[in-house]
Amino acid sequence: MTSWFTDKPQDLRRFRVLTGGQAVAEALRQIDPDVFPVYPITPQTPIIEAFAQCVADGRSHARILTAESEHSAMSAAVGAALAGARAMTATASQGLAYMIEIVYLAASLRAPVVIAVGNRALSGPINIHGDHSDGMLARDSGVVQVYVTTAQEAYDWMVMGVRLAEHGEVLLPVMVGLDGFTLTHSAEPVEILADAAVQEFVGPYAYPYPLLSEVAGTYGAFAMPEHYFEIKRQQIAALERAEAVLPAITRSFAKLCGRQYAPLEGYCMEDAERAMVIMGSQRGTAQEAVDKLRERGQKVGVVTVRLFRPFPRRDLAEQLRAVQAIAVFDRASTPGSFPPLYLDTRAAVRTPRVDSVIYGLGGRDLTPDDIVAVFDRLKRPAVDADPIFYAGSDEIEQER
Amino acid sequence: MISIRWHGRGGQGAKTAAHLMAVAFLKNGRYPLAFPEYGPERTGAPITAYTRADSHPIRLRSAIQVPDLVVVLDPSLLGEVPVADGIPAGGWLIVNRPAGTAPAGFDGTLWNLAGDQIAREAGARFANTVFIGALAGLIGEPDLTHLREAVDEVMGRLAREVFAASWRALEVGFGLGAERGVHRVIS
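Residues numbered from 1 in each chain as written. Chains lettered and ligands numbered in written order. Predicted model: local features only at pLDDT ≥ 70, side-chain atom pairs only at ≥ 80, totals over all residues. Heavy atoms only, no water.

1. Re the overall build of chain A
Then, in step 1: The number of helices and strands found in chain A is 13 helices and 15 strands.
Then, in step 2: Since a compact globule built from 400 residues should have a radius of gyration of about 21 Å, the 21 Å found for chain A is in line with a globular shape.
Then, in step 3: Along the first, second and third principal axes, the C-alpha atoms of chain A reach 70 × 65 × 40 Å.
Then, in step 4: In chain A, which comprises 400 residues, the share counted as buried stands at 58%.
Then, in step 5: Pairs at least 24 apart in sequence give 82% of the contacts found in chain A among residues at least 6 apart. (Helix = DSSP H or I, 4+ residues; strand = E, 2+ residues; numbered from the N terminus. Rg over C-alpha atoms; globule rule 2.2 N^0.38 Å. Buried < 20%, exposed > 50% of the residue type's maximum accessible area, 1.4 Å probe, protein only. Contact = heavy atoms within 4.5 Å.)

2. Side note on empty space enclosed by the protein
Regions of empty space are outlined by a rolling probe, equal in size to a water molecule, passed over the atoms.
Then, in step 1: Throughout the structure, instances matching the rule amount to 1 cavity of 30 Å³ or more.
Then, in step 2: Counted as a void, the largest cavity has a volume near 30 Å³.
Then, in step 3: Around the largest cavity, the lining residues are T19, H185 and A187 of chain A together with K15, A18, H19, A34, F35 and P36 of chain B.
Then, in step 4: Only α1 (14-27) and β2 (31-37) of chain B provide two or more residues apiece to the lining of the largest cavity.
Then, in step 5: Its residues assigned to classes, the lining of the largest cavity shows 5 nonpolar, 3 polar and 1 charged. (1 Å grid on protein atoms, 1.4 Å probe; cavity = no way out; pocket = protein on both sides within 12 Å on 5 of 7 lines; lining within 4 Å. Points joined across faces, edges and corners; volume = space filled by probe spheres on them. Nonpolar A, V, L, I, M, F, W, Y, C, P; charged D, E, K, R; others polar.)

3. Section: the domain arrangement of chain A
Residues and elements named next belong to chain A.
Then, in step 1: Domain boundaries assigned for chain A yield domain 1 (12-257) and domain 2 (264-399).
Then, in step 2: Its C-alpha centre places domain 1 at a distance of 28 Å from the equivalent point of domain 2.
Then, in step 3: Between domain 1 and domain 2, the residue contacts involve 27 residues of the former and 25 residues of the latter.
Then, in step 4: Of all residues in domain 1, R139, T149 and E243 bury the most surface against domain 2, accounting for 27% of the area lost on that side.
Then, in step 5: A salt bridge links E243 to R314; the nearest nitrogen and oxygen atoms lie 3.5 Å apart.
Then, in step 6: Taken together, the connections running from domain 1 to domain 2 amount to 13 residue pairs in polar contact (both at pLDDT 80 or more). (Domains from an automatic or database assignment. Buried area = accessible area lost by both parts, 1.4 Å probe. Salt bridge = Lys/Arg side-chain N within 4 Å of Asp/Glu carboxyl O. Polar contact = N/O pair within 3.5 Å; in protein donor to acceptor, adjacent residues only side chain to side chain.)

4. Some thoughts on the interface of chain A and chain B
Then, in step 1: Contact residues are listed per partner, giving 44 residues for chain A and 44 residues for chain B.
Then, in step 2: A salt bridge links D291 of chain A to R59 of chain B, with the shortest nitrogen-to-oxygen separation between them at 2.5 Å.
Then, in step 3: Put simply, chain A and chain B have 16 residue pairs in polar contact (both at pLDDT 80 or more) between them.
Then, in step 4: Looking at the side of chain A that touches chain B, the elements that each hand over two or more residues are β1 (16-19), β8 (187-190) and α9 (283-295) of chain A.

5. Digging into the environment of V176 of chain A
Then, in step 1: The residue V176 of chain A is located in strand β7 (residues 174-179) in this model.
Then, in step 2: Once residues lying within four places of it in the same chain are set aside, the contact partners of V176 of chain A are V114, I115, A116, V117, V146, V148, A154, W157 and M158 of chain A.

6. Quick look at the nonpolar core
Then, in step 1: Counting 79 residues, the largest nonpolar core has M74, M158 and V159 of chain A as the members making the most contacts within it.
Then, in step 2: Examining the composition of this core, we find that 10 residues originate from one element, helix α6 (residues 151-166) of chain A, more than from any other.
Then, in step 3: For M158 of chain A, the residues in contact, after removing those within four places along its chain, are V24, A27, L28, I31, M88, V114, A116 and V176 of chain A.
Then, in step 4: Membership of the second largest hydrophobic core comes to 57 residues, among which are L73, A165, A169 and F174 of chain B. (Core = buried A, V, L, I, M, F, W, Y, C linked by side-chain atoms within 4.5 Å.)

7. Considerations on helix α3 (residues 128-139) of chain B
Residues and elements named next belong to chain B.
Then, in step 1: With 12 residues, α3 ought to run about 16 Å at 1.5 Å a step, and its terminal C-alpha atoms sit 17 Å apart, in line with that.
Then, in step 2: Among the 12 residues of α3, 12 are classified as buried, and the element is accordingly described as predominantly covered.
Then, in step 3: Residues of α3 that are buried: N128, T129, V130, F131, I132, G133, A134, L135, A136, G137, L138 and I139.
Then, in step 4: Within two residues after α3, G140 carries a phi angle of roughly 95°, on the positive side. (Expected span 1.5 Å × (residues − 1).)

8. Regarding the environment of Q235 of chain A
Residues and elements named next belong to chain A.
Then, in step 1: Among the structural elements, Q235 can be located in helix α8 (residues 225-257).
Then, in step 2: When its relative accessible area of 7% is taken as the criterion, Q235 is described as buried.
Then, in step 3: Along the sequence, Q235 and R110 sit 125 residues apart, while their C-alpha atoms lie 7.9 Å from each other.

9. Describing the pattern of salt bridges
Pairing is possible between side chains of opposite charge, provided their charged atoms come close.
Residue and element names in this part refer to chain A.
Then, in step 1: Under the defined criterion, the tally for this structure stands at 30 salt bridges over all chains.
Then, in step 2: In this structure, the salt-bridge partner of R86 is E166, at a minimum N-O distance of 2.8 Å. Separated by 80 residues along the polypeptide, R86 in the loop between α3 (70-83) and β4 (88-91) and E166 in helix α6 bring together distant segments of the chain.
Then, in step 3: By relative accessible area, E166 is classed as buried at 17%.
Then, in step 4: Salt bridges here are not isolated pairs; linked through shared partners, they connect R16, E26, R29 and D195.

10. Things to note about the sheet that holds strand β12 (residues 307-309) of chain A
Residues and elements named next belong to chain A.
Then, in step 1: Ordered by their spatial adjacency, 5 strands build an open sheet running β4-β5-β7-β6-β12, and the pairing between neighbours is mixed. With partners counted over all chains shown, the strands left at the sheet margins are β4 and β12, one partner each. Each neighbouring strand pair of the sheet contributes to a mean axis angle of 20°, computed without reference to strand direction.
Then, in step 2: Inspection of the sheet shows β4 paired to strand β5 (residues 114-119) by 4 bridges, in the parallel sense. Pairing of M88 across the sheet is with V114, part of β5. (Pairing = 2+ DSSP bridges. Axes fitted to C-alpha atoms, helices over the stretch in contact; angles between N-to-C directions.)

11. So, the packing of aromatic side chains
Then, in step 1: If you walk through the whole model with that rule in mind, you get 12 aromatic pairs over all chains.
Then, in step 2: Put simply, the rings of Y147, F308 and F311 of chain A touch in pairs and so form one group of aromatic residues.
Then, in step 3: Lying over the aromatic face of F308 of chain A, R309 of chain A brings its terminal NZ or CZ to 4.3 Å of the ring centre.
Then, in step 4: Directly above the ring of F5 of chain A sits R30 of chain B, whose terminal nitrogen or CZ lies 4.1 Å from the centroid. (Phe/Tyr/Trp six-rings, centres within 6.5 Å; stacked < 30°, edge-to-face > 60°. Lys NZ or Arg CZ within 6 Å of the ring centre and 35° of its normal.)

Pasting the structure below:
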């Protein structure tokens, strides 16, 4: 029988086909947290369905607490983490919105809870699809935020996230964001490490002053103006340190599997004159568009930001140093101002031309052609009157 | 790269078919990507699912606009959803029905495949496995061994009778696809 493929199949047995949700669940099974308080919400459900199955099958000793809300789920996770148990959870969209009060508390109480977020639009109108507006709601909460680009990265960053969250210099929640549906529900090849390798990598949970230890302590104390400011500054400094301790963690992870991560990644940036900055699952689509333009002799490149909080501003400035024009792609909006990734990029670089592009709200598709159109736009003089370009929507508005 | 688009209604197994095809492609030595595109996420609502397979890792994440093959699990979608959109001259539109005409302006190959009837005769509740088999037969990959492993993996928790019926339906589909298999080169 003749195949439509012309080349020979390869040996890909090291991979399994998993959705991003299943890949996160595999990481959870191997990390084997003590407590997993959770409330279900689309598109986080594939994570908790698969993980609950593992627990039911006796493949994880985790205690799943089925809370009556995300607010309670996060509260239980904070309590467990401070008591001395490794606690993890997962949520999305309205669920993250509902738990946000406790997310701020988790950061200020220095509870190293790793949270998987299936990034989804916020209501309204109600919508179940992917964008980053839920994550941006937690932008200033003081948690570490990572936005991954593949199911493999979702798995890898859950594992690395535990080390980062629990690092003695950090002790903060880590939020691993994977785009709703585009990653949570997309099936692709994922390499899963040996259980023992993951367990050795994350090590035992060793919170320095757990509530259940012999040493008495106070958590969640009241702070008057003479203390609040300095405590806040300690928390800010801890988040900044996450960037400093990350390279040692990514290096030791690379030793396990050969996959070496950095806070951000440049593609075709060596001689790029025009560049785009993006986060999340559309990195690959952007790289396809860059390849297409490179074939036409255009010097373009793309920088993908993985670590969003703390923001790797020095690394980004270095990547974009020689670029003449930049387009920053945000999958969230800041009505009345510019969106988050744009503002952070603007603050990091001295490039005169930085355009803001909003794309993919509520799951709107982003095509390589949409990206090519933005690169074309960067060649033309800037239009001050209309500073934000809505990729995949402006065309529709203009037809009206 | 091979691009397959699935049209169905919530509950007909379009998402499972896209996923299963991806599992089988990996076992066959190709890099797959499968993803669903839900409407309002309820039984009976139209859903689209996609499978891509290639000789190298797939980066492109946008919806498939130019599919090599389109499967329509529910023929009533033909009047509701532009199922034939983007199918090039060499592409295929495979519709779950005994007979019917191609949509206006369509210049690919139409294949009316009575999947429901085949599934019923095989004792299977859903026709999706018939079409998985038909696609694999038509493309020439994945082979039956890898399809069998994929069905085992994805439907492993189903009762044995259900599994056996699904498998019978898949095999019939595969045979019919292989009969129509064409020499075609995908770059």
